[in-house]
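# Descriptive analysis of the structure
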Amino acid sequence: IRLIWYELTAGVGAWGSVKPLLAALLAAIPFLFIGQHFNRQHQKGFDWTLLQIPLILTIVLWPILFIWSIIDAYRIAMIDVTNAENNRRILAALE
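It should be emphasised that the depicted structure is a prediction, and the values quoted were computed from it without experimental measurement.

Rules behind the numbers
- Residues numbered from 1 in each chain as written.
- Predicted model: local features only at pLDDT ≥ 70, side-chain atom pairs only at ≥ 80, totals over all residues.
- Heavy atoms only, no water.
- Helix = DSSP H or I, 4+ residues; strand = E, 2+ residues; numbered from the N terminus.
- Polar contact = N/O pair within 3.5 Å; in protein donor to acceptor, adjacent residues only side chain to side chain.
- Contact = heavy atoms within 4.5 Å.
- pLDDT = per-residue confidence, 0-100.

### Describing the side chain of glutamine 52
As for its placement among the helices and strands, glutamine 52 is situated in helix H4 (residues 42–94). Of note is the side chain of glutamine 52, whose polar atom sits 2.8 Å from the backbone oxygen of phenylalanine 31. Residue contacts for glutamine 52: discarding those within four places in its chain leaves Phe31 and Phe33.

### Let's talk about the environment of alanine 73
Tracing the chain through its elements places alanine 73 in helix H4. Remark: the alpha-carbon pair of alanine 73 and proline 63, spanning 10 residues in sequence, is separated by 15 Å.

### Considerations on the confidence of the model for the protein
In the predicted model, the protein carries a mean pLDDT of 85, and 95% of its residues have values of at least 70. Here helix H1 (residues 2–8) stands out as the least confident element of the protein, with mean pLDDT 75; H4 is the most confident, with 89.

Pasting the structure below:
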């Protein structure tokens with residue numbers, strides 16, 4: 001039985017074989033990086049938490065920036081067309 005237990009736990013005991021699975025399950029919880037804290041790598045968990053803030057802002061703000069760029073391009077093109085038409089009318093009136 002001892003040999004079977006040793007083979008099942010890869011020689012590291014029950015906790016040694018379950019700890020990586022538990023760490024992976026905790027790490028699968030999004031945005032919290034609990035797996036790193038579970039492994040007592042608190043600085044890494046804190047750093048990764050701070051790193052995700054600009055990434056989340058990028059994902060959230062990108063569609064807004066994309067839509068704004070479309071609106072702005074349209075608006076600037078309309079202003080250019082209006083200015084060109086006004087200049088053409090002014091030149092036509094001067095002749």
